[in-house]
There are 2 protein chains.
Amino acid sequence: MSPALFTVDPERRPLRADAQRNRARLLEAAEAVFTAHGTEASLDDIARRAGVGIGTLYRHFPTRDDLVESLIHSMTDEVIARGQELLEADDAFAALHTWLQSVLRQNATYRGLAGSMVDASCGDSRLGDACQRQQAVGAELVARAQEQGSVRPDVTWEDVIDLTSAIALVIERGPRHDGDRLLGLALDGLRYQR
Amino acid sequence: MSPALFTVDPERRPLRADAQRNRARLLEAAEAVFTAHGTEASLDDIARRAGVGIGTLYRHFPTRDDLVESLIHSMTDEVIARGQELLEADDAFAALHTWLQSVLRQNATYRGLAGSMVDASCGDSRLGDACQRQQAVGAELVARAQEQGSVRPDVTWEDVIDLTSAIALVIERGPRHDGDRLLGLALDGLRYQR
DNA sequence: ACCTGAACACCGTTCAAGT
DNA sequence: ACCTGAACACCGTTCAAGT
């Protein structure tokens, strides 16, 4: 049994029972509303759906990013863990490819999330922390592929993250765009030609 | 002397003198406000700066895209003309590269413009018309590079536009991103390896 | 014809008052 | 300690009244 299932507060001290329930309801409501309308959805909607006052939302989640971060927290952990597993794979290029696909899926969880992630990696919000830990794993995967000689030595991990983020940004704007296809093409450009 | 300098109405009949002046003032104000705050800037700000009522703004430009389209109209024409010139170039791959760089510069005119362009190419706004005419030239440039054997035959012009749009979207979110570098990397992936 | 601005329906954020 | 919702400052959009 995962201890995460019983984690009540990722923050400091235990919450009062009603506060704890409100927090859970807010996350549930935010999940539904973000899924339907993206991460720029109305906060009033979320509070109403959770059956709490708007002030309670702000007390638990002072910024929109706090709400987003709490929602995708476990997913970020999974992406990071997946990246660490993939560091052990034989084919470092394929490992990088697989990992970037999972990053694309993560970014597509809610419309607007990809943008928040890009903004966050240049800032210092709580969402930014998650992004940077994630990017650190990506940097290792890139380095390993370069050591194996399958990624061009002049390419930086920022290049790889930027291209992946770019693709995440464009695919969330309409169904015309195929993320996996674009990612494959972009990776072809980073591949070292023997 | 370019006739464009004397074009008063890209629309229908001549405007009353005061309306014509208001239209010019609105475009001037929008130019300044979009430059400062991006294409999502407050329309009230623009009307106030132009010294007209908000209703006048809506009369001249019923949607935000109408305003954006009028502002970048000549620029879109230039990008299209440049593309047609480049169709005559010897090296079709280099021509495509050069043209896509100009598309990136165009998209970077106002923060938020790249997003509007992507949205527009899936819609039917006036901005969408401009986008589609522009994309048609891009499609020709891609086809020609493929005929020359310098772009992979399995790549579509949508791939090329999508990757370029993706890069335009990511570079407008902070100074960390280098569009020309990312474009170069992406194009390496599309290049046919002899 | 065209312009104006009040009116309406939203939104994010704060904070005094309650329990 | 926590919750509530009114209050404030915004925003986009419409439309009746003016010239």
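Structure's up top.
Parameters and conventions
- Per chain, residue numbering runs from 1 following the sequence as it is written.
- For naming, the first written chain is A and the first written ligand is 1, with later ones following in the order written.
- Given that this is a predicted model, residues contribute local features only at a pLDDT of at least 70 and side-chain atom pairs are listed and counted only at 80 or more, while totals for whole chains, interfaces and linings are drawn from all residues.
- Processing note: side-chain calculations cover all non-hydrogen atoms of the structure and skip hydrogens and water entirely.
- Note on conventions: DSSP H or I runs of at least 4 residues are helices, E runs of at least 2 residues are strands, and numbering of each starts at the N terminus.
- Burial classes: relative accessible area under 20% of the type maximum marks a residue as buried, over 50% as exposed, and values in between as partly exposed (1.4 Å probe, protein chains only).
- Any two residues having at least one pair of non-hydrogen atoms within 4.5 Å are treated as being in contact.
- Throughout, buried area stands for the accessible area (probe radius 1.4 Å) lost by two parts on being put together, summed over both.
- Should a side-chain nitrogen of Lys or Arg be within 4 Å of a carboxyl oxygen of Asp or Glu, the pair is scored as a salt bridge.
- Residue polarity is assigned by list, with Asp, Glu, Lys and Arg as charged and Ala, Val, Leu, Ile, Met, Phe, Trp, Tyr, Cys and Pro as nonpolar; anything else, Gly included, falls into the polar class.
- Proximity criterion: a residue is near a molecule or strand once any of its heavy atoms comes within 4 Å of it.
- Think of a polar contact as two N or O atoms within 3.5 Å of one another; within protein, one of them needs to be a possible hydrogen donor and the other a possible acceptor, and neighboring residues in sequence only count if both atoms come from side chains.
- The axes used here are C-alpha line fits, helices contributing only the stretch in contact, and every angle between their N-to-C directions lies in the interval 0 to 180 degrees.
- Roughly parallel refers to an angle under 35 degrees, roughly antiparallel to one over 145, roughly perpendicular to one between 65 and 115, and oblique to any angle outside these ranges.
- Should the near helix be turned anticlockwise from the far one by less than a right angle, the crossing is termed left-handed; should it be turned clockwise, right-handed.
- Each aromatic pair joins two rings of Phe, Tyr and Trp (for Trp, the six-membered one) with centres within 6.5 Å, and gets the label stacked for planes under 30 degrees apart, edge-to-face for over 60, and tilted for any other angle.
- Geometrically, a lysine NZ or arginine CZ counts as sitting over a ring once it is within 6 Å of the ring centre and also within 35 degrees of the ring normal.

Considerations on the side chain of Asp159 of chain A
Assignment of secondary structure puts Asp159 of chain A in helix α8 (residues 157–171). Using a relative accessible area of 5% as the deciding quantity, one classes Asp159 of chain A as buried. For Asp159 of chain A, the contacting residues outside a window of four places in its chain are Asp154 of chain A together with Arg181, Leu182 and Leu185 of chain B.

Brief notes about the environment of Thr76 of chain A
Locating Thr76 of chain A in the fold gives a position in helix α4 (residues 64–86). The residues contacting Thr76 of chain A, other than those within four sequence positions of it, are Gln106, Ala130, Arg133 and Gln134 of chain A.

Describing the interface of chain B and chain A
Opposite the 30 residues of chain B that make contact, chain A presents 30 residues. Each partner contributes to the roughly 2,600 Å² buried at the junction of chain B and chain A, and carbon and sulfur atoms together form 56% of this total. At the surface where chain B touches chain A, the tally comes to eight salt bridges. Elements that contribute at least two residues to the side of chain B that touches chain A include exactly α6 (113–121), α8 (157–171) and α9 (179–190) of chain B. In terms of residue count, the dominant contributor to the side of chain B that touches chain A is α8 of chain B (10 residues). Class assignment of the residues belonging to the side of chain B that touches chain A gives a composition of 12 nonpolar, eight polar and 10 charged.

Examining the protein's contact with DNA strand C
Taken together, the neighbourhood of DNA strand C is formed by 19 residues, with Tyr58 of chain A together with Arg16, Asn22, Gly53 and Thr56 of chain B sitting nearest. Here DNA strand C approaches the protein such that, of its atoms within 4 Å, sugar and phosphate make up 68%. Here a phosphate oxygen of DNA strand C and a backbone polar atom of Leu43 of chain A are 3.1 Å apart. Listed by contribution, the elements that provide at least two residues to the surface near DNA strand C are α2 (43–50) and α3 (54–60) of chain A together with α1 (17–37) and α3 (54–60) of chain B. Among the elements that make up the surface near DNA strand C, the one with the highest residue count is α3 of chain B (five residues). Considered class by class, the residues forming the surface near DNA strand C number eight nonpolar, seven polar and four charged.

Remarks on the protein's contact with DNA strand D
As a matter of local geometry, DNA strand D sits amid 19 residues, with Arg16, Asn22, Gly53 and Thr56 of chain A together with Tyr58 of chain B nearest to it. By atom count, sugar and phosphate contribute 67% of the portion of DNA strand D lying within 4 Å of the protein. At 3.4 Å from a phosphate oxygen of DNA strand D is found a side-chain nitrogen or oxygen belonging to Arg59 of chain A. At the level of secondary structure, the elements contributing two or more residues to the surface near DNA strand D comprise α1 (17–37) and α3 of chain A together with α2 (43–50) and α3 of chain B. Of all the elements, α3 of chain A adds the most residues to the surface near DNA strand D, at five residues. In the surface near DNA strand D, the residues fall into eight nonpolar, seven polar and four charged.

A few points about the packing of α1 of chain B against α2 of chain B
Residues and elements named next belong to chain B. Two elements in contact, α1 and α2, have axes whose closest approach is 8 Å; the angle formed by their N-to-C orientations is 130 degrees. Considered as vectors, α1 and α2 are oriented oblique to each other. In the packing of α1 onto α2, the handedness of the crossing is right-handed. Mapping the contact onto sequence places Arg25, Leu26, Ala29, Ala30, Ala32, Val33 and Phe34 in α1 and Asp45, Ile46, Ala47, Arg49 and Ala50 in α2. When the residues that make up the contact of α1 with α2 are grouped by side-chain class, the tally is nine nonpolar, no polar and three charged.

Here's the deal with the packing of aromatic side chains
All names here are of chain A. With the rule as written, the count across this model stands at two aromatic pairs over all chains. When the centroid spacing of 5.7 Å and the interplanar angle of 65 degrees are considered together, the rings of Phe34 and Tyr110 count as edge-to-face. Taken together, the positions of Phe34 in helix α1 and Tyr110 in the loop between α5 (92–107) and α6 (113–121) put the pair 76 residues apart, joining distant regions of the chain. Here the two residues Phe34 and Tyr110 agree in accessibility, since each one is buried. One cation-aromatic arrangement involves Arg191 over Phe93; the distance from NZ or CZ to the ring centre is 3.9 Å.

Focus on the side chain of Asn107 of chain A
All names here are of chain A. Checked against the element boundaries, Asn107 lands in helix α5. Residue Asn107 is classed as buried on the basis of its relative accessible area, which comes to 8%. Setting aside residues no more than four positions away along its own chain, Asn107 makes contact with Leu113, Ala114, Met117, Ala168 and Glu172.

Regarding the pattern of salt bridges
This model, assessed by the stated rule, comprises 22 salt bridges over all chains. Between Arg152 of chain A and Asp188 of chain B there is a salt bridge whose closest N-O contact spans 2.6 Å. Remark: Asp188 of chain B occurs in helix α9 and Arg152 of chain A occurs in the loop between α7 (126–147) and α8; the pair is interchain, linking two chains. In this structure Arg152 of chain A comes out as buried when scored by relative accessible area, which is 16%. Its salt-bridge partner being Arg133 of chain B, residue Asp77 of chain B comes within 3.8 Å of it at the nearest N-O pair. Of the two residues, Asp77 of chain B is situated in helix α4 (residues 64–86) and Arg133 of chain B in helix α7 (residues 126–147); the sequence distance between them amounts to 56 residues. Overall, the relative accessible area of 33% leaves Asp77 of chain B in the partly exposed class. Linked by salt bridges that have partners in common, Asp66, Glu69 and Arg126 of chain A make up one network.

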